[in-house]
Amino acid sequence: MGTLLDALAMVAAADVLIAIMASAVYGLVVGSLPGLSATMATALLVPVTFYLSPIAAVATIITASAMAIFSGDIPGALMRIPGTPASAAYTDEAYAMTRKGQAELALGAGLWFSAIGGIVGTLSLVLMAPLLAEMALSFSTYEYFWLALLGLMCATLVARSSPIKAIASMLLGLLFACVGIENPGGVPRFTFGSTDLLGGIEVIPALVGVFAVSEVMRAMTTPEPPPLPRRRFGSILAGQWGLTKKYQWPMWRGNVIGIIIGVLPGAGADMAAWVSYAMSKRFSKEPEKFGTGHPEGLVEAGASNNASLASGWVPALLFGIPGDTITAIAIGVLYMKGLNPGPTLFTERASSMYALYIIFVLANIIMIPLGIAMIRLASLVLRAPRAAVMPVIVLICAVGSFATGNNLFSVMLVGLFGIIGFVMDRNGYPVAAMVLGIVMGTMVEQSFVTSLIKSDGDILPFFERPVSAVLAAMAIAALLWPVLVWAMRRLRHAEPA
Amino acid sequence: MHLSDRVTGGFLVLLGAFAFWAGSRLPAVPGQDVGPAVFPMVIGGGLMLCGALIVLGVGRSFEEPDPEPTEAHAGLARWLGKRRVLAALVPPALLLFYVLAADTLGFLLTGFAMVLIAALSLGATLRLAVAMAIAAPPVIHLVFYKLLRVPLPEGLLAAPWA
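For clarity, every value in this text was computed on a predicted model and none was experimentally measured. Each chain has its residues counted from 1, running along the sequence as written. Chains and ligands are labelled sequentially in the order written, the chains with letters from A and the ligands with numbers from 1. In keeping with the predicted nature of the model, local features appear solely for residues at pLDDT of at least 70, side-chain atom pairs appear and are counted solely at 80 or more, and the whole-chain, interface and lining totals rest on all residues. Each side-chain value is worked out from all heavy atoms of the structure, with water and hydrogens disregarded.

*Asks:* Help me understand the overall build of chain A in this model?
*Replies:* Only DSSP runs of H or I covering at least 4 residues are called helices, and only runs of E covering at least 2 are called strands; the numbering of each starts at the N terminus. A tally of regular secondary structure across chain A gives 22 helices and 0 strands. At 22 Å, chain A has a C-alpha radius of gyration in line with the 23 Å of a compact globule built from 497 residues. Relative accessible area decides the class of each residue, using a 1.4 Å probe on protein chains only: under 20% of the type maximum gives buried, over 50% gives exposed, and in between gives partly exposed. For chain A, the residues scored as buried account for 62% of the 497 residues in total. For chain A, the centre of its 28 positive side-chain charges and the centre of its 26 negative side-chain charges are spaced 13 Å apart. Atoms considered for the radius of gyration are the C-alpha atoms alone. The globule rule reads 2.2 Å times the number of residues to the power 0.38. Charge assignment: positive for Lys and Arg, negative for Asp and Glu; neither His nor the chain ends contribute. Taken as the charge location is NZ of Lys, CZ of Arg, CG of Asp or CD of Glu.

*Asks:* How do you make sense of the overall build of chain B when you look at a structure like this?
*Replies:* Helix and strand counts for chain B stand at 6 helices and 0 strands. Relative to its length of 162 residues, chain B is extended, with a C-alpha radius of gyration of 24 Å against a globular reference of 15 Å. Oriented by its inertia axes, the alpha-carbon framework of chain B measures out at about 60 × 50 × 25 Å. Taken across its 162 residues, chain B has 41% of its residues classed as buried. A contact between two residues is defined here by any heavy atoms of the two lying within 4.5 Å. Pairs at least 24 residues apart make up 57% of the contacts formed inside chain B by residues separated by at least 6 positions. The Shrake-Rupley method, run with a 1.4 Å probe, gives the accessible areas here. Residue values count only the displayed protein chains as cover. With an accessible surface of roughly 9,100 Å², chain B has 68% of that area assigned to carbon and sulfur atoms. For chain B, the distance from the average position of its 10 positive side-chain charges to the average position of its 9 negative side-chain charges is 10 Å.

*Asks:* Where do I start with the UniProt feature "transmembrane region" (unreviewed entry) in chain B in this structure?
*Replies:* All names here are of chain B. UniProt's feature table lists "transmembrane region" (unreviewed entry) at residues 37-58 and 85-101, given in the numbering used throughout. As annotated, residues 37-58 has a helix share of 82% and a strand share of 0%, and its two end C-alpha atoms lie 29 Å apart. Spanning residues 85-101, this segment combines 71% helix with 0% strand, and its end C-alpha atoms are found 26 Å apart. UniProt positions are given in the numbering used here, feature names are shortened, and annotations may be inferred rather than shown by experiment.

*Asks:* Whenever I open this one, helix 3 (residues 38-49) of chain A confuses me. Can you help?
*Replies:* Along an α-helix, a turn takes 3.6 residues, which lines up residues three or four apart on a common side. Residues and elements named next belong to chain A. For helix 3, with 12 residues, the first-to-last C-alpha span of 16 Å sits near the 16 Å given by 1.5 Å per residue. Within helix 3, burial applies to Ala38, Thr39, Met40, Ala41, Thr42, Ala43, Leu44, Leu45, Val46, Pro47 and Thr49. Of the surrounding elements, those touching the buried residues of helix 3 are helix 2 (14-32), helix 4 (54-71), helix 10 (203-221), helix 16 (325-336) and helix 19 (386-405). Helix span is expected to be 1.5 Å times the residue number reduced by one.

*Asks:* What should I look at first to understand the pattern of salt bridges in this one?
*Replies:* For side chains bearing opposite charge, pairing can occur when the charged atoms are close. All names here are of chain A. Definition used for salt bridges: Asp or Glu carboxyl oxygen within 4 Å of a side-chain nitrogen of Lys or Arg. Under the defined criterion, the tally for this structure stands at 7 salt bridges over all chains. Notably, a salt bridge pairs Glu445 with Arg189, separated by 2.7 Å at the nearest N-O pair. Remark: Arg189 occurs in the loop between helix 9 (163-178) and helix 10 and Glu445 occurs in helix 21 (residues 431-454); sequence separation between them is 256 residues. For the pair Glu445 and Arg189, a shared accessibility class is recorded, and that class is buried. In this structure, Arg253 and Glu300 form a salt bridge, with 3.0 Å as the shortest nitrogen-oxygen distance. Taken as a pair, Arg253 in helix 12 (residues 248-263) and Glu300 in helix 14 (residues 295-311) lie far apart in primary sequence, 47 residues in all. Each member of the pair, Arg253 together with Glu300, is buried. Here the salt bridges do not stand alone but share partners, grouping Glu215, Arg218 and Asp425 into one network.

*Asks:* For this particular structure, what's the right way to read the packing of helix 4 (residues 90-105) of chain B against helix 5 (residues 107-121) of chain B?
*Replies:* Axis angle and axis distance: for two packed helices, these are the angle between their axes and the distance between the axes, and together they describe the pair. Residue and element names in this part refer to chain B. At a minimum axis separation of 8 Å, helix 4 and helix 5 run at an interaxial angle of 160°. Between helix 4 and helix 5, the angle falls in the class roughly antiparallel. Between helix 4 and helix 5 lies a crossing whose hand is right-handed. For the pair helix 4 and helix 5, contact is made by Val90, Leu94, Phe97, Tyr98, Ala101, Ala102 and Leu105 and by Phe107, Leu109, Thr110, Ala113, Met114, Ile117, Ala118 and Ser121, respectively. By residue class, the composition of the contact of helix 4 with helix 5 is 13 nonpolar, 2 polar and no charged. Axis definition: a line fitted to C-alpha atoms, over the contacting stretch in the case of helices. Angles run 0 to 180 degrees between N-to-C directions. For classification purposes, angles smaller than 35 degrees are called roughly parallel, those larger than 145 roughly antiparallel, those between 65 and 115 roughly perpendicular, and all remaining angles oblique. A clockwise turn of the near helix away from the far one marks a right-handed crossing, whereas an anticlockwise turn of less than a right angle marks a left-handed crossing. Residues were grouped as follows: Ala, Val, Leu, Ile, Met, Phe, Trp, Tyr, Cys and Pro as nonpolar; Asp, Glu, Lys and Arg as charged; and all remaining residues, including Gly, as polar.

*Asks:* I would appreciate a short explanation of the packing of helix 4 of chain A against helix 14 of chain A in the present structure.
*Replies:* Residues and elements named next belong to chain A. Here helix 4 crosses helix 14 at 165°, and the two axes come no closer than 10 Å. Between helix 4 and helix 14, the angle is such that the two are roughly antiparallel. Note on packing geometry: the crossing formed by helix 4 with helix 14 is right-handed. Contact with helix 4, carried on its side by Ser65, Ala66, Ile69 and Phe70, involves Asn305, Asn306 and Leu309 of helix 14 and no other residues of that element. In the contact of helix 4 with helix 14, the residues fall into 4 nonpolar, 3 polar and no charged.

*Asks:* I keep staring at the side chain of Ser311(A) and nothing clicks. Help me out?
*Replies:* In this structure, Ser311(A) sits in helix 14. Contacts of Ser311(A), omitting those with residues within four sequence positions, involve Gly121(A), Ser124(A), Gly258(A), Ile259(A), Gly262(A) and Val263(A).

*Asks:* Which parts of the structure should I look at to understand the interface of chain B and chain A?
*Replies:* For an interface, size is often stated in terms of accessible area lost upon the parts coming together. Taken together, the contact pairs 71 residues of chain B with 72 residues of chain A. Summed over both sides, the interface between chain B and chain A buries roughly 6,100 Å², with carbon and sulfur atoms accounting for 82% of that surface. Sorting the residues of chain B by area buried against chain A places Phe39(B), Phe62(B) and Leu122(B) first, and these three jointly supply 13% of that buried surface. On inspection of chain B and its partner chain A, the count reaches 1 salt bridge. Residues Asp5(B) and Lys165(A) are paired through a salt bridge, measuring 2.8 Å at the closest nitrogen-oxygen approach. For this analysis, a polar contact is any N or O atom pair within 3.5 Å, provided that within protein one partner can donate a hydrogen and the other can accept it, and provided that sequence-adjacent residues contribute only side-chain to side-chain pairs. Summed over the shared surface of chain B and chain A, the number is 4 residue pairs in polar contact (both at pLDDT 80 or more). The set of elements that each furnish at least two residues to the side of chain B that touches chain A consists of helix 1 (5-24), helix 2 (38-55), helix 4, helix 5 and helix 6 (126-147) of chain B. Top contributing element to the side of chain B that touches chain A by residue count: helix 2 of chain B, with 10 residues. Accessible-area loss on putting two parts together, using a 1.4 Å probe and summing over both, is the definition of buried area adopted here.

*Asks:* Mind showing me how you'd approach helix 9 of chain A here?
*Replies:* All names here are of chain A. Along its 16 residues, helix 9 runs 23 Å from first to last C-alpha, staying within 8% of the 22 Å computed at 1.5 Å per residue. A large share of helix 9 lies buried, amounting to 16 of its 16 residues. A positive phi of about 115° marks Gly180, the residue just after helix 9.

*Asks:* Is there a simple way to explain the packing of aromatic side chains in this structure?
*Replies:* To describe a pair of aromatic rings, one takes the distance between the centres and the angle between the planes. For Phe, Tyr and Trp, where Trp contributes only its six-membered ring, two rings pair if their centres lie within 6.5 Å, and the inter-plane angle classes them as stacked under 30 degrees, edge-to-face over 60, or tilted in between. One pass over the full model with this rule turns up 20 aromatic pairs over all chains. Here the aromatic rings of Trp146(A) and Phe462(A) are separated by 6.4 Å at their centres, their planes lie at 90°, and the arrangement is edge-to-face. A residue pair is termed long-range when its members are at least 10 positions apart, and Trp146(A) in helix 8 (residues 141-158) and Phe462(A) in the loop between helix 21 and helix 22 (466-494) qualify at 316 residues. As far as burial versus exposure is concerned, Trp146(A) and Phe462(A) are alike and both buried. Put simply, the rings of Tyr142(A), Phe145(A), Trp146(A), Phe448(A), Phe462(A), Phe463(A) and Phe39(B) pair up and form one aromatic cluster. Definition used: whenever NZ (Lys) or CZ (Arg) falls within 6 Å of the ring centre and also within 35 degrees of the ring normal, the charge is taken to sit over that ring. The side chain of Lys165(A) reaches across the aromatic face of Tyr429(A), ending 5.0 Å from its centre.

*Asks:* Got a minute to help me understand the confidence of the model for chain B in this structure?
*Replies:* The predicted model of chain B has a mean per-residue pLDDT of 86, with 94% of residues at 70 or higher. At the level of individual helices and strands, chain B shows its lowest average pLDDT in helix 3 (residues 75-80) of chain B, which scores 80, and its highest in helix 5 of chain B, which scores 94. How sure the predictor is of each residue is captured by pLDDT, a score from 0 to 100.

Put into structure tokens, the structure is as follows:
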């Protein structure tokens, strides 16, 4: 009880509350602008968190990402342009509802079920994390290695692109992580004599470059989307209770699927939304209505992507393994603030963990009034011309990356990663897989090399412990999954002939 | 910059080969077989394999081509016509400009130039571009310099609150 009170006091501090409100508004606005994703919103926040207290820093990340994932639904429903990739799964459905004159119902469902998903996901985090922490205490480097590898493999599965290209992107990220002297031998590796590279390639400039600069680069070469027609909205929440009762079962299924996918390292909100939407259609009593403006899939997938956001913190907090790109950023912030991820976090810093849960619940509750305000203001915000927004982003990229280390080298890195991200994206290489590779590189190498030293270069001990054998099987299955899908497709194509 | 799979795959093979070769030349930790060389060599091998598979076109059936936009281009992209992909170089060039100019010109002037050029390249009207270029840098300066205490360069034109 004492820790809970401590946690409440931590969250009630003025700087934390201001940080939550400010980042909520920021997340809603950035997430709703097409082309500016939830990941980009979070990445641009990192330099700011440098200067905040630990709890305030974590609070900004949690709040901004939850808000951005919801508000990505807004341009999806109104303009058929998903604000964030996590909304892409049900954009067509929501837009069809808008055309039927049910924009309020579609946006309200996005908001209401996002908030429910977020809170249920948080409850799962509260219940699951301490239980798994017990188990994690007995993990050795073999388990950590397979867990990290599983995360990387899942990240390649999420990308709806060629699996080979996704694996190549991930390897490229791991190669970037090799740069510097932080390696088992402490020797300068791939530094080409540059002192700036001795410290390695920082994650933040890479993130900002790949997710923000390359997005501006894309805007430079593509035409501006058509402006949003002005409209007045009726009541947003009316009818949501009816939907909740009518689609209770799909809603819970969405929550559970979101939680499961979130807990898997490497798979996050995007995948949760796609899987849940597909599930909803598969198990619906009226699958023929899907795609014509039917709220059922919206309920299930909207709940799912926000639920995964909270449960994605389970592997992040316990093992330092990100559930997706947003938690990858969060892990960086945790390290920066001395809250190093690990099972002992739950025993030694229990009050900080409770504070984190409270922030999650709080963020999802204030999402409802702020979200309604955002929907009403959407026609105003979404009218902001791209030519006014993007230049400011470039300037913030420069200042933000400079702020992380007060050196100009990271500004150069940001530009360089912008080019890398742009070229990769154009040619079908998923950038998120590369980013996870950069984030997890040091950890994968450490657990891999330490395990090899322990086993004297033998591969067998990697499979001998029961938990590591299970994790190894999962990682290898994730690797072979695309081959299976390909073979199934061949068979199905062969049959009618 | 649509490159064929042969080009990108070939590049990955070369990069993998380089990582493998450079990794193998790293000094070992005395008295131990496993050192800093292992990981880059494993990655290099993986990259070579993936690159070769990409050159051969394995896995292409999983890709979906992006739909071509139907709206008209604006700003620099329209002016460049068929070579509009070059417009993508504007943001990295602006960042390079920041690196080179920020210390002499100061944050406000550098920011003014960056926002102005970026807005015009995106097809903003001169009025909007100038308005953004005058308004945005001071606001960003205020947030980062005053609230976050980032030492931004003063240069030729200092902000009144600096």
